[in-house]
Amino acid sequence: MPLDYKRSYKTRVKRRKIITISIIVIVFLLASFSIIYFRFWSKDNQWNPIEELRRQIGQYGNDQTEHLGLALQRQPIHLYTIGTVRATLGKADKEYVLSEGRVDDSYFDDALFIGDSRTEGFMLYSNLSNLQAYCSKGLSITRIYSDEIVPLEDGRKITVMEALQVQKYKKIYIMFGVNELGWPYDDLFQEQYSKLIKDVKLLQPEAVIYVENIIPISASRSEKDTIYNNDNVNRFNAMIKTVCEEQNVVYLDVASALADETGALPENASVDGIHCNVEYCGIWMEYLRNNTYVFN
Amino acid sequence: MMKQIINGQRKRSYIRKGKFATVAAILGLVICILAGCGTDTAVSIDTGILADDLYSGVTWKDQLGEIELNKALSLYGISPDAVASGKVYMGTNATAEEIAVLEAASADQVTVIQEGMEARVEAQLASFQSYNAQEVPKLENPVLETKGNYVILCVCDDKAEAEKIINESTGK
């Protein structure tokens, strides 16, 4: 076979291959574009969650819109769902009644725990897989408004107060105070805690709100620490109780369940006198199971 | 004449192809031998026993508690499907001390688990820098090892003992 013919044959074969591959790539791109367009961008398709959020929030006026966040359930500790409208003002103050008996695990299916490192430890050591929490080391009644600790599926993080706009709960447990023990102004603490509770009630009007008081410090730590000591704990707990009475939310005396006869956290409950070990997180959990309330 | 030229070209072509094939075969053999030397696919670890050995053998400052595996995986951002077995211990937040021994469901999930562990260490480092700076050194230099399909994390001060226990478990 002449060489010229061989060369032109190879060239033709190569050209045919290039054309075939190009056609396949073009068809694939067209198919992908069509799927993306009709699935996500078509006006007839109501699944677009951002547009749905905007439509719903638009009913309440632009002054009530703040942050929009896509939320999907990602993990047991941090729970997110597709956003809903921001809560309207709650009903008139309700009366709480202590429930009889001990609740089982399912009681916490629709509960949220909000707190600092102590709550974080509690969440880890509880043997319940359905517990949900927004908590972080160092979180406080002021930083809860600014620290972006709640991760969204798209990688962004939002604050707890923003997250409370998009997911509703039937019970909310709040525990703060240990990171505030060094605050010099008592009235400032009460004002800020009151504001926090008011905002949570506004965002979660159907939830029973439990405010857990500050767990005491161990005696050995309390003796030598000018901030983390039981004098401060007792003073701040009295303020928390006052705030709860004024705001009509449930005051949970978790401290009494964990303290020894002197009112301190037992030495064997904690390594640093502040953070509870597995055993005492279990005692804490048991107290919560036996102290639940319903609206009257 | 033409035929002789063509046959000559064909012959040279065959000789070139033959040499090329020989070289490729030798290279492939060398690569396979080196790859075989680099992997620990024969490693077999009982994740629960190793985690317990680390718990009891290493000197700890904190009181560690066992964490339910799926809860720990959610902290690491690792899907439960990526993990065949595992055991995790974490501290009370008084320290950043932690043990995690995870077996990947398959070889291609090892990287997923490694990245999850690395992200966990980074997150803890960022958190403890302002919360309790004394914990930073152990988070900056944790024991994080991969043995075959197993990924082992140990955040502690007693690194030498942790590494010794891990090496003994893998027979190395």
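Residues numbered from 1 in each chain as written. Chains lettered and ligands numbered in written order. Predicted model: local features only at pLDDT ≥ 70, side-chain atom pairs only at ≥ 80, totals over all residues. Heavy atoms only, no water.

K.L.:
Even after reading the chapter, I still don't get the overall build of chain B, so can you show me in this structure?
P.N.:
Looking only at helices and strands, chain B has 6 helices and 5 strands in total. Listing the helices and strands of chain B from first to last along the sequence gives α-α-β-α-β-β-α-α-β-β-α. Taking the contacts inside chain B whose residues are at least 6 apart along the sequence as the reference set, 60% of them involve residues at least 24 apart. Carbon together with sulfur atoms contributes 56% to the accessible area of chain B, which is approximately 9,200 Å² in total. (Helix = DSSP H or I, 4+ residues; strand = E, 2+ residues; numbered from the N terminus. Contact = heavy atoms within 4.5 Å. Areas by Shrake-Rupley, 256 points an atom, 1.4 Å probe, with all protein chains shown as cover.)

K.L.:
Looking at this model, I keep getting lost on the packing of helix 5 (residues 186–203) of chain A against helix 7 (residues 230–247) of chain A. Mind explaining?
P.N.:
The relative placement of two packed helices comes down to the angle between their axes together with the axis-to-axis distance. All names here are of chain A. With their axes 10 Å apart at the nearest point, helix 5 and helix 7 run at an angle of 40 degrees to one another. The orientation of helix 5 with respect to helix 7, classified from their angle, is oblique. Note on packing geometry: the crossing formed by helix 5 with helix 7 is right-handed. Residues D186, F189, Q190, Y193, S194, I197, K198 and K201 of helix 5 lie in contact with helix 7, whose contacting residues are R235, F236, M239, I240, T242, V243, E246 and Q247. Residues that form the contact of helix 5 with helix 7 fall into these classes: 7 nonpolar, 4 polar and 5 charged. (Axes fitted to C-alpha atoms, helices over the stretch in contact; angles between N-to-C directions. Parallel < 35°, antiparallel > 145°, perpendicular 65-115°, else oblique. Left-handed = near helix turned anticlockwise from the far one by under 90°. Nonpolar A, V, L, I, M, F, W, Y, C, P; charged D, E, K, R; others polar.)

K.L.:
Explain the interface of chain B and chain A here, please?
P.N.:
Quoted interface sizes are often the accessible area lost when the parts come together. Opposite the 21 residues of chain B that make contact, chain A presents 23 residues. Summed over both partners, the interface of chain B with chain A buries about 1,900 Å², with 58% contributed by carbon and sulfur atoms. Viewed at the interface, chain A and chain B are joined by 0 salt bridges. In this structure, the connection of chain B to chain A is made through 13 residue pairs in polar contact (both at pLDDT 80 or more). The element contributing the most residues to the side of chain B that touches chain A is helix 4 (residues 110–131) of chain B, with 4 residues. (Buried area = accessible area lost by both parts, 1.4 Å probe. Salt bridge = Lys/Arg side-chain N within 4 Å of Asp/Glu carboxyl O. Polar contact = N/O pair within 3.5 Å; in protein donor to acceptor, adjacent residues only side chain to side chain.)

K.L.:
Sorry, what's going on with the environment of E267 of chain A here?
P.N.:
All names here are of chain A. Looking at the secondary structure, you find E267 in the loop between helix 8 (254–258) and helix 9 (278–289). When the C-alpha atoms of E267 and V25 are compared, they prove to be 69 Å apart, with 242 residues separating the residues in sequence. Excluding its chain neighbours within four sequence positions, the residues that come into contact with E267 are S218, A219 and S220. One polar contact links E267 to S220, side chain to side chain, over a distance of 2.7 Å.

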